[in-house]
There are 2 protein chains.
Amino acid sequence: MLRLSKLTDYATVILSFMAKEKRRVCAAMEIAAATGIAVPTVSKILKLLVNAKVLMSTRGAKGGYMLAREPEAISVAAIISALEGPIALTECSISKQTCEQASGCGIRANWHLINQTIHNALESVTLADLVRPAPMPEEIHIPIASLYQ
Amino acid sequence: MLRLSKLTDYATVILSFMAKEKRRVCAAMEIAAATGIAVPTVSKILKLLVNAKVLMSTRGAKGGYMLAREPEAISVAAIISALEGPIALTECSISKQTCEQASGCGIRANWHLINQTIHNALESVTLADLVRPAPMPEEIHIPIASLYQ
DNA sequence: TTAAATAGGACTAAAATAGTCCGAAATTGA
DNA sequence: TCAATTTCGGACTATTTTAGTCCTATTTAA
């Protein structure tokens with residue numbers, strides 16, 4: 001289904017909450033309470049987002065998490081790759097044997113191009129866009145067909 | 001990782017093979033031999049592609065599978081949805097409670113737009129594009145590492 | 001010093017995916 | 001008509017991935 005994991009979905013909810021509270025440091029417990037997601041799960045997601053430098057953390061009493069940058073500078077691609085690793089549709093699991101039989105597998109190169117297109121689409125949408133009420137279609141429209149001529 | 005399933009990957013290999021043999025009816029066993037994918041697996045994939053009307057089948061001796069239309073008219077989106085169901089990143093697993101708390105979840109509408117964009121990208125690439133030799137090197141060079149620092 | 005909070009990793013449970021197999025139905029050709 | 005071939009449909013098992021939990025160490029504020 002080409003779908004995102006639940007954790008990624010949760011991450012967008014968490015980050016949307018934090019975008020509205022961006023002046024404040026939020027504790028994991030507070031975020032869990034606000035979003036209705038279980039504390040250990042929230043915790044796990046927050047740690048992943050810190051590793052990906054989407055969030056900053058401060059330890060100790062009065063510690064917590066904060067957006068590492070403005071919502072405008074946090075792309076959906078960054079959020080997804082924080083939770084799921086690099087964005088890539090294929091790992092070219094086509095066996096070498098097959099590729100050799102076909103004497104040069106052109107499919108691989110074309111998949112890469114498709115990946116890149118999708119990545120661009122996700123890169124051009126930010127957390128600010130997700131929080132914003134009205135989307136702006138022309139910003140994320142990508143005419144992939146033009147890449148093939 | 002936003003990735004396609006192995007079966008979808010296999011499907012592109014199978015369909016690429018068939019695109020080159022489009023004049024001929026191919027039996028499942030023949031395709032398995034040509035691609036190196038196990039017969040039962042090939043069989044399963046072919047059935048799914050028939051259900052999605054990407055392939056046509058004829059039963060009985062001398063039967064087999066054929067592309068239902070020209071490779072130019074078979075989109076990557078059609079192939080993916082045949083194997084994995086509708087293309088959709090999210091199923092909006094954001095709890096209603098959260099949405100209500102936030103008094104109107106704008107995220108949903110924005111995800112829908114992103115889905116649509118990706119769908120358009122996949123719709124505009126066809127089996128013929130996949131089979132076609134790779135585009136110029138500079139077109140397919142992807143500095144992906146730079147996106148992850 | 002104590003309480004509050006994150007960091008990191010190990011672990012279990014649940015769900016999705018991959019892969020296999022079988023009996024039934026259809027078609028061809030002898 | 002009969003036998004061989006091939007798809008059809010579904011059930012089934014095994015594997016992998018994902019989700020979710022928990023524990024201990026470390027850091028910081030008061």
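As the structure is a prediction and not an experimental result, all values here were calculated from the model. (Residues numbered from 1 in each chain as written. Chains lettered and ligands numbered in written order. Predicted model: local features only at pLDDT ≥ 70, side-chain atom pairs only at ≥ 80, totals over all residues. Heavy atoms only, no water.)

Q: Teacher, can you tell me more about the protein's contact with DNA strand C here?
A: Close to DNA strand C lie 24 residues, the nearest being A:Ser57, A:Arg59, A:Tyr65, B:Lys6 and B:Lys44. Each atom of DNA strand C within 4 Å of the protein belongs either to a base or to sugar and phosphate, the latter forming 69%. Between DNA strand C and B:Tyr10 there is a distance of 3.3 Å, counted from a phosphate oxygen to a side-chain nitrogen or oxygen. Within the side chain of B:Arg59, an N or O atom sits 3.0 Å from a sugar or linking oxygen of DNA strand C. Counted by class, the surface near DNA strand C contains nine nonpolar, nine polar and six charged residues. (Near = heavy atom within 4 Å. Polar contact = N/O pair within 3.5 Å; in protein donor to acceptor, adjacent residues only side chain to side chain. Nonpolar A, V, L, I, M, F, W, Y, C, P; charged D, E, K, R; others polar.)

Q: What am I meant to see in the packing of helix α2 (residues 28-35) of chain B against helix α3 (residues 39-51) of chain B here?
A: Geometry of a packed helix pair, given as the angle between the helix axes and the separation of the axes. All names here are of chain B. Running from N to C, α2 and α3 point in directions that differ by 115°, and their axes come no closer than 9 Å. The crossing of α2 and α3 is right-handed. Of α3, the residues touching α2 (which contributes Ala28, Met29, Ile31, Ala32 and Thr35) are Val39, Val42, Ser43 and Leu46. Grouping the amino acids of the contact of α2 with α3 by side-chain chemistry returns seven nonpolar, two polar and no charged. (Axes fitted to C-alpha atoms, helices over the stretch in contact; angles between N-to-C directions. Helix = DSSP H or I, 4+ residues; strand = E, 2+ residues; numbered from the N terminus. Left-handed = near helix turned anticlockwise from the far one by under 90°. Contact = heavy atoms within 4.5 Å.)

Q: Quick question: what am I supposed to make of the protein's contact with DNA strand D here?
A: Around DNA strand D there are 24 residues in total, and A:Lys6, A:Lys44, B:Ala28, B:Ser57 and B:Arg59 lie nearest to it. In the interface set of DNA strand D, defined as its atoms within 4 Å of the protein, sugar plus phosphate atoms amount to 71%. A distance of 3.4 Å is found between a phosphate oxygen of DNA strand D and a side-chain nitrogen or oxygen belonging to A:Tyr10. Elements with a contribution of two residues or more to the surface near DNA strand D: α1 (6-20) and α3 (39-51) of chain A together with α3, β1 (55-58) and β2 (64-67) of chain B. Along the lines of polarity and charge, the residues of the surface near DNA strand D split into nine nonpolar, nine polar and six charged.

Q: Please clarify how the nonpolar core should be interpreted in this entry.
A: The nonpolar side chains of soluble globular proteins are, as a tendency, buried together. With 26 residues, the main nonpolar core has A:Ile114, A:Leu122, B:Ile114 and B:Leu122 as its most contacted residues. When contributions to this core are tallied by element, the ones reaching two or more residues are α4 (76-84) and α6 (106-123) of chain A together with α4 (76-84) and α6 (106-123) of chain B. (Core = buried A, V, L, I, M, F, W, Y, C linked by side-chain atoms within 4.5 Å. Buried < 20%, exposed > 50% of the residue type's maximum accessible area, 1.4 Å probe, protein only.)

Q: What am I meant to see in the environment of A:Gly36 here?
A: Within the element layout of this structure, A:Gly36 appears in the loop between α2 (28-35) and α3. Sequence separation between A:Gly36 and A:Ile14 is 22 residues; the distance between their C-alpha atoms is 10.0 Å.

Q: In this structure, what is going on with the pairing of β1(B)? I would like to understand it.
A: Moving residue by residue along a regular strand, the side chains alternate between the two faces of the sheet. Residue and element names in this part refer to chain B. Across four bridges, β1 lies against β2 in antiparallel orientation. Paired with serine 57 across the strands is tyrosine 65, a residue of β2. Here β1 hands over to β2 after five residues, with glycine 60 in that stretch at a positive phi of 85°. (Pairing = 2+ DSSP bridges.)

Q: Help me out: how do you make sense of unusual backbone geometry in this one?
A: For residues that are not glycine, phi is negative in most cases, and the peptide bond is trans in most cases. Residues and elements named next belong to chain B. In this structure, lysine 53 is a non-glycine residue whose phi angle is positive, near 65°. Along the chain, the position of lysine 53 falls in the loop between α3 and β1. A relative accessible area of 60% means that lysine 53 is categorised as exposed. With a phi close to 65°, lysine 62 is a non-glycine residue in the positive phi region. Summarising the element assignment, lysine 62 is placed in the loop between β1 and β2. Looking at lysine 62, the relative accessible area reads 85%, which means it is exposed.

Q: Explain the side chain of A:Ser75 here, please?
A: All names here are of chain A. Along the chain, the position of serine 75 falls in the loop between β2 (64-67) and α4. Within the structure, serine 75 has its side chain in polar contact with the side chain of glutamate 123 (distance 3.1 Å). Contacts of serine 75, omitting those with residues within four sequence positions, involve Leu122, Glu123, Val125 and Thr126.

Q: Which parts of the structure should I look at to understand the side chain of B:Thr35?
A: Tracing the chain through its elements places B:Thr35 in helix α2. Here B:Ile31 takes part through its backbone oxygen, which lies 2.8 Å from a polar atom of the side chain of B:Thr35.

Q: Could you clarify how one ought to interpret the pattern of salt bridges in this entry?
A: Side-chain pairs of opposite charge can arise where the charged atoms are in close proximity. Residues and elements named next belong to chain B. Summed over all chains, the structure comprises five salt bridges over all chains. Close ionic contact of glutamate 21 with arginine 24 constitutes a salt bridge, the shortest N to O distance being 2.7 Å. With a shortest N-O distance of 3.0 Å, aspartate 129 and arginine 132 are connected by a salt bridge. The exposure class assigned to arginine 132 is partly exposed, which follows from its relative accessible area of 37%. (Salt bridge = Lys/Arg side-chain N within 4 Å of Asp/Glu carboxyl O.)

Q: What is the right way to read the packing of α1(A) against α4(A) from this model?
A: All names here are of chain A. In contact at an axis separation of 9 Å, α1 and α4 are set at 130° when each is read in the N-to-C sense. Taken together, the axes of α1 and α4 lie oblique to each other. Crossing angle aside, the handedness with which α1 passes α4 is right-handed. Of α4, the residues touching α1 (which contributes Leu7, Thr8, Ala11, Thr12 and Leu15) are Ile79, Ile80, Leu83 and Glu84. Across the contact of α1 with α4, the residue classes break down as six nonpolar, two polar and one charged. (Parallel < 35°, antiparallel > 145°, perpendicular 65-115°, else oblique.)

No statement about biological role is implied by the geometric values presented.
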